[in-house]
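These are the residues of each chain, in order.
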Amino acid sequence: MTLRNPAPTRGRRTRLMILAVLAVTCAALVAIALPASDLTQHDSGSGVFGFEIDPSDQGGPGQLLGTRARPSLGGSGHVPDGTTVFDDDVPAVGNLDPDLLAALREAADDAADDHVGFHVNSGWRSAAYQQQLLNEAVSQYGSMEEASRWVATPETSAHVSGDAIDLGPPESAEWLADHGDDYGLCQIYRNEPWHFELRTEAADDGCPEMYDDPTQDPRMQQ
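Residues numbered from 1 in each chain as written. Predicted model: local features only at pLDDT ≥ 70, side-chain atom pairs only at ≥ 80, totals over all residues. Heavy atoms only, no water.

## A short note on the overall build of the protein
For the protein, the helix and strand inventory stands at 7 helices and 7 strands. Secondary structure of the protein in N-to-C order comes out as α-β-β-β-α-α-β-α-α-β-α-β-β-α. Counted over contacts in the protein with a minimum sequence separation of 6, partners at least 24 positions apart contribute 54%. Accessible area of the protein: about 13,100 Å², with a carbon and sulfur share of 54%. (Helix = DSSP H or I, 4+ residues; strand = E, 2+ residues; numbered from the N terminus. Contact = heavy atoms within 4.5 Å. Areas by Shrake-Rupley, 256 points an atom, 1.4 Å probe, with all protein chains shown as cover.)

## A few points about the confidence of the model for the protein
Summing up the model confidence of the protein, the mean pLDDT is 76 and the portion of residues at 70 or higher is 67%. Taken together, the stretch residues 1-16 has pLDDT below 50 and engages in 1 contact with residues farther than four places along the chain or on a different chain. (pLDDT = per-residue confidence, 0-100.)

## Concerning the sheet that holds strand S7 (residues 195-198)
On the basis of which strands lie adjacent, the open sheet formed by 4 strands has the order S4-S5-S7-S6 and antiparallel pairing. Whereas interior strands pair on both sides, the edge strands pair on one side only; in this sheet they are strand S4 (119-122) and strand S6 (185-187). For this sheet, the mean angle separating the axes of adjacent strands, direction not counted, is 45 degrees. When S6 meets S7, the two strands line up antiparallel, connected through 3 bridges. Its bridge partner being in S7, Gln187 is matched across the sheet by Phe196. Where helix H6 (residues 170-179) meets the sheet, it contacts strand S5 (164-168), S6 and S7, and its direction lies at approximately 125 degrees from that of S5. (Pairing = 2+ DSSP bridges. Axes fitted to C-alpha atoms, helices over the stretch in contact; angles between N-to-C directions.)

## Section: the packing of aromatic side chains
The description of an aromatic ring pair uses the distance of the two centres, along with the angle that the planes make with each other. A complete count under the given rule lists 4 aromatic pairs for this structure. On the basis of an interplanar angle of 35 degrees and a centroid distance of 6.3 Å, the ring pair of Tyr189 and Tyr211 is categorised as tilted. Separated by 22 residues along the polypeptide, Tyr189 in the loop between S6 and S7 and Tyr211 in the segment after helix H7 (202-205) bring together distant segments of the chain. On the basis of relative accessible area, Tyr211 is assigned to the partly exposed category, the value being 28%. Among the aromatic residues, ring-to-ring pairing joins Phe118, Trp175 and Tyr183 into one connected group. (Phe/Tyr/Trp six-rings, centres within 6.5 Å; stacked < 30°, edge-to-face > 60°. Buried < 20%, exposed > 50% of the residue type's maximum accessible area, 1.4 Å probe, protein only.)

## As for the pattern of salt bridges
The full count for this structure, using the stated rule, is 9 salt bridges. Ionic pairing is found between Arg149 and Glu146, a salt bridge with its closest N-O pair at 3.1 Å. Look at Arg149 and you get partly exposed, because its relative accessible area is 26%. Where salt bridges share partners, they join Glu197, Arg199, Asp217 and Arg219 into one cluster. (Salt bridge = Lys/Arg side-chain N within 4 Å of Asp/Glu carboxyl O.)

## Focus: a negative patch on the surface
Together, Glu106, Asp109, Asp110, Asp113, Asp114 and Asp182 make up a region of like negative charge exposed at the surface. With respect to the secondary-structure elements, Asp182 resides in the loop between H6 and S6. (Patch = residues over 30% accessible without salt bridge, like charges linked within 9 Å, V, L, I, M, F, W, Y side chains within 5 Å. Lys, Arg positive; Asp, Glu negative; His and termini not counted. Charge placed at Lys NZ, Arg CZ, Asp CG, Glu CD.)

## Observations concerning the side chain of Gln187
Structurally, Gln187 can be placed in strand S6. Side-chain polar atoms of Gln187 contact the backbone oxygen of Pro193, separated by 2.7 Å. Aside from chain neighbours lying at most four places away, what touches Gln187 is Ala173, Ala177, Pro193, His195, Phe196 and Met210. (Polar contact = N/O pair within 3.5 Å; in protein donor to acceptor, adjacent residues only side chain to side chain.)

## Thoughts on the side chain of Asp166
Along the polypeptide, Asp166 turns up in strand S5. Accessibility expressed as a relative area gives 7% for Asp166, which makes it buried. Polar side-chain contacts of Asp166 include one of 3.4 Å to the side chain of His159. Beyond its immediate chain neighbours, meaning those up to four positions away, Asp166 contacts His119, Val120, Asn121, Ser122, Arg125, His159, Trp194 and His195.

## What about the nonpolar core?
Judged by nonpolar contacts, the single largest core of 25 residues is most densely connected at Leu104, Phe118 and Leu176. Elements represented by at least two residues in this core include exactly helix H2 (91-94), helix H3 (98-112), S5 and H6. Among the elements that make up this core, the one with the highest residue count is H3 (7 residues). (Core = buried A, V, L, I, M, F, W, Y, C linked by side-chain atoms within 4.5 Å.)

In structure tokens, the structure reads:
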């Protein structure tokens, strides 16, 4: 005698169909609510790293601290770990002024001979991202006056215009501080030794005297 499994009853088939529909619906809702590409790494400039929901096109910020996610390469200016001055596909690098970028790459090639690598902590930033950093600085330091010593407005920031880069680790900034005038690359602020801008005249005349902080920079008074 051959034993056969009994055919599913109509009620059992109905329950199976309902469960399948529910599973598909739940998966779709999760995919809509939590797209992985919306999580981006963020460095507020204060040395504390977290992650945030990627701002909208209008720059609306939102934080999701304490999570781990692959950084977005969207056009806000966030910098993935390990980014160098040769990473054109990262907007924070690719959107820099071409002359600044060429000088940085020439310097980086020579620094490599001294076993020093240039990593980008910050480069080009969108106006929305810059405003977000300014808002966070005001919250951190307690006033716009104090925050202005560290973060410029979107209208005055050399990062937003693509004319500034923040380098790490410290030995790379130290190397460039010693040799930067050969490439027209200069530190601008004493309180930000990692911040460099292009001053083409520095190759002949040396870098200009640094400001104590951005509040002394006439460009910040606009």
